[in-house]
Amino acid sequence: MIFSPARCLILLLLLNSVDAGGILWKIKERVRHLQLQRAKQHLLRQTTRGLQHVKEGRIQQRLDHFNRQDLRTFSQRFFVNEAFWRHPDGPVFLFIGGEGPIFEFDVLAGHHVDMAEEHGALILTLEHRFYGDSINPDGLKTENLVCLSSQQALVDLAVFHQFISQRFGLSHRNTWISFGGSYSGALSAWFRGKFPHLVFGAVASSAPVIARLDFSAYSSAVGLSLTNLAVGGSEKCLAAVQRAFAAVEAALMAGNVSQVSVDFGCCQVPKDLSDKIELMQNLADIFMGSVQYNEEGVLMTINELCSVMTNYTNEEDLAPYSRLVKLAQIYRSTSEEPCLDISHEKSIKDLMNTSLHLSRRGERAWTYQTCSEFGFYQTCEDATCPFSGMVTLKTLTEVCPMVFGISQHSLPGHIAFTNTYFGGNNLPTHRVLYVNGGVDPWRELSVVRDRTGSGDEAQTVFIKDTAHCADMMNSRATDRCSLRTAREEIKRHVFSWLKTAAQEQVEKEKALITL
C-alpha cells in the first residue's frame, strides 16, 4: 500500500461547503466545518501535531463481505498518525468514520488524540463505505446502495484491523480502543460487541444504538431541553415555541400561504401540502439544530434562542408568530441563505441525484440507511412535540418508496432486524463506555443508565448540561465544569482498560512460560 502526503489545510477547509437542502443537515455540516477550523487553530498551537505526521492510505475492500461469489471491490480511505506511537507495543486508537467524509484532523485533534499522546498510541481513522471518497463512481445508484449497511461497515473495520496489523507489524501486545460519536459512536459500540477479540474497549459518544422507526422522542427531548434552566431555557420559552408553530400552521390552513411565504423569506410560495410540511419541518430544524449543537457556535445557543422567543421590545414583536419570523431571519442571516427553500419536489429531486460531484451526496446515502436500517424519523405526532403535528411518520417515510423503491410497509421489519442483530435494549456493554449529554435529543436512543436490560453493568458518563458529542472535542476555556469532569472520567476508563490489557498480557506470558 502506497501512502500519499496529507493535503494542505486550506483545501481541507474548503471541502465542507454546503448547498441547498434540509436545514438540520446544513447545521450539522456547519458544525463539522467549525470543528475543523477549531482543530486547525488548536494544531497551530502544538509543536508535535503537524500534518507532516499524517499519512493517507487506501485499502481495497470487498463490496459485499457476505457474498463470496461477488468479487467487486471499492477503495476505502484512511489516515494514520504515528507521531505519538511508542513502537512497537503501544496501543492503537481507532477513530471510526460515520455518515460523512473523514479528514486529517480526525487523527490530529480531539479528546482521543490528547489521550493517544498520553498513552503513546498509534492513531487511525477509517472512512465509512459510500461516504467521502470511499465510494465507487456508480456507488450512489439505488441498485448499488444495497451494499451500504452498518453490518458491512463493521466487517470493513475487521478487515482494516488485519491490514493495519500486517502493515505495522502489530501483535496481541497492541491494545486496540475504538472511538466514535453519533452514528460512528454506535459503530464503536457494535464493533466491540461483534468483534471483542479485535477491540479491547470502546468509547461511544452520543451513540444511537437502538434503531427506532418513529423517533418522536427526539422532538419531545428538544422541547424538554428548551425548558432546561441550566442552559438558558424556561417553561415560558417552550410555551412561546408551541404557540408560534400553532399560529403558523393556522395561517397555512387558513389559506394565507403568500403572506406566510413573505414573512419567513421562503424561496417559493407553498403550492401544496407537501411544501407546507417542508416549511414547518425547516422551521423545526432551526430549533432542533440549536438544541442538538448547543454552544457549538454555529447558530444560536438555547439561551439565545429562548431570548428571541420570550423577550420583545415593542407590541409588534409580542406575538410568538412574529418572534418565530425573527428567528428565521436570524438563521438566514447567520447561514448566509437568501431564502428558505421549501420545495418538497426539489428536496426529492436532490435526493435522487446520484452524482458524486455534489458536496451533499452523503445525505442520499444516509437517507438510504434510515430507510433500510435505522428509521430515526423525527416525527411530531406526539402531544409533547413543541412543533407542528403536520410532520408525521407517513409524510417522513414517503421518501423511502419515492427515492429508493423501499416500501413503507417494510420499514418496521428493517428496524426490527437491526435491533435483533445488534442487541437493541440488550446491548453488549462489557468495556463499552457510553457518553451522553443531558441536552442532546439522541440520548433517548443511547445507554444513559448504569444497568442494561440484560442485567449487566453498563459503563456510562452522563453530562447533564452539554449537547451532542461535546466530549469529543479538545478542551476550551469556555467548557462547562461538567464537561471537563466528564473528559477526565473518560480518561480514567481508557487508562483502566489499557492497564487491564497489560496485566492480562503479563498473565498470559507467565502461563506460557510455565507450560
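Everything that follows concerns the structure shown earlier in this document.
Along each chain, residues carry numbers from 1 onward, in the same order as the chain's sequence is written. Where totals are concerned, whole chains, interfaces and linings use all residues; where local detail is concerned, this predicted model gives features only for residues with pLDDT of at least 70, and gives and counts side-chain atom pairs only at 80 or more. To get the side-chain values, take all heavy atoms of the structure and skip hydrogens and water.

A. Seen up close, the overall build of the protein chain. Elements are defined by DSSP. Helices are runs of H or I of four residues or more, strands are runs of E of two residues or more, and each kind is numbered from the N terminus. Check the secondary structure of the protein chain and you find 17 helices and 11 strands. Over its C-alpha trace the protein chain gives a radius of gyration of 23 Å, about what one expects of a compact globule, namely 24 Å for 515 residues. Overall, the C-alpha framework of the protein chain stretches about 85 × 50 × 50 Å when taken along its three principal axes. Accessible area is worked out with a 1.4 Å probe on protein chains only. A residue is then buried under 20% of its type maximum, exposed over 50%, and partly exposed in between. By the burial criterion, 58% of the 515 residues in the protein chain qualify as buried. Throughout, a contact is declared for two residues whenever any of their heavy atoms are within 4.5 Å. In the protein chain, the share of contacts with a sequence separation of at least 24, taken over all contacts with a separation of at least 6, comes to 74%. Using C-alpha atoms as the atom set, the radius of gyration is obtained and then compared with a globule rule of 2.2 Å times the number of residues to the power 0.38.

B. Examining the packing of aromatic side chains more closely. Put simply, two rings from Phe, Tyr or Trp (the six-membered ring, in Trp's case) pair if the centres are within 6.5 Å, and we call them stacked under 30 degrees between planes, edge-to-face over 60, tilted for the rest. Here the structure, examined in full by the defined rule, presents 23 aromatic pairs. With a centroid separation of 6.0 Å and 85° between ring planes, the pair formed by Trp85 and Phe168 is classed as edge-to-face. Of the two residues, Trp85 is situated in the loop between β3 (73–81) and β4 (92–96) and Phe168 in helix α4 (residues 150–168); the sequence distance between them amounts to 83 residues. Given the relative accessible area of 12%, Phe168 is considered buried. Arranged with centres 5.2 Å apart and planes meeting at 50°, the rings of Phe215 and Trp442 form a pair that is tilted. Linking Phe215 in the loop between β8 (212–214) and α6 (216–225) with Trp442 in the loop between β10 (432–437) and β11 (459–463), this pair joins segments that are 227 residues apart in sequence. For the pair formed by Phe215 and Trp442, the shared burial category is buried. Three or more aromatic residues link up through ring pairs in this structure, and these residues are Tyr183, Trp190, Phe215, Tyr218, Trp366, Phe374, Phe376, Phe417, Tyr421, Phe422 and Trp442. Residue placement shows Lys194 over the ring face of Tyr421; its charged tip is 4.1 Å from the ring centre. The rule is short: NZ of Lys or CZ of Arg within 6 Å of the ring centre and within 35 degrees of the ring normal puts a charge over the ring. Taking NZ or CZ as reference, Arg431 lies 3.6 Å from the ring centre of Phe200, over its face.

C. Spotlight on helix α16 (residues 411–422). Expected span, for any helix, means 1.5 Å times one less than how many residues it has. Its 12 residues place the ends of α16 17 Å apart at the C-alpha level, agreeing with the 16 Å of an ideal helix rising 1.5 Å per residue. Listed in full, the buried residues belonging to α16 are Leu411, Ile415, Thr418, Asn419 and Phe422. For α16, the buried positions fall inside an angular range of 95° around the axis, keeping them on one side. Where α16 ends, the next residue or the one after it, Gly423, has phi of about 120°, a positive value. This arc is taken over the directions from the axis of the helix to the C-beta atoms.

D. Quick look at the side chain of Ser188. Inspection of the secondary structure puts Ser188 in helix α5 (residues 183–194). Ser188 sits in the buried class, given a relative accessible area of 0%. Apart from the residues within four sequence positions on either side, Ser188 is in contact with Ile96, Ser178, Phe179, Gly180, Ala202 and Val203.

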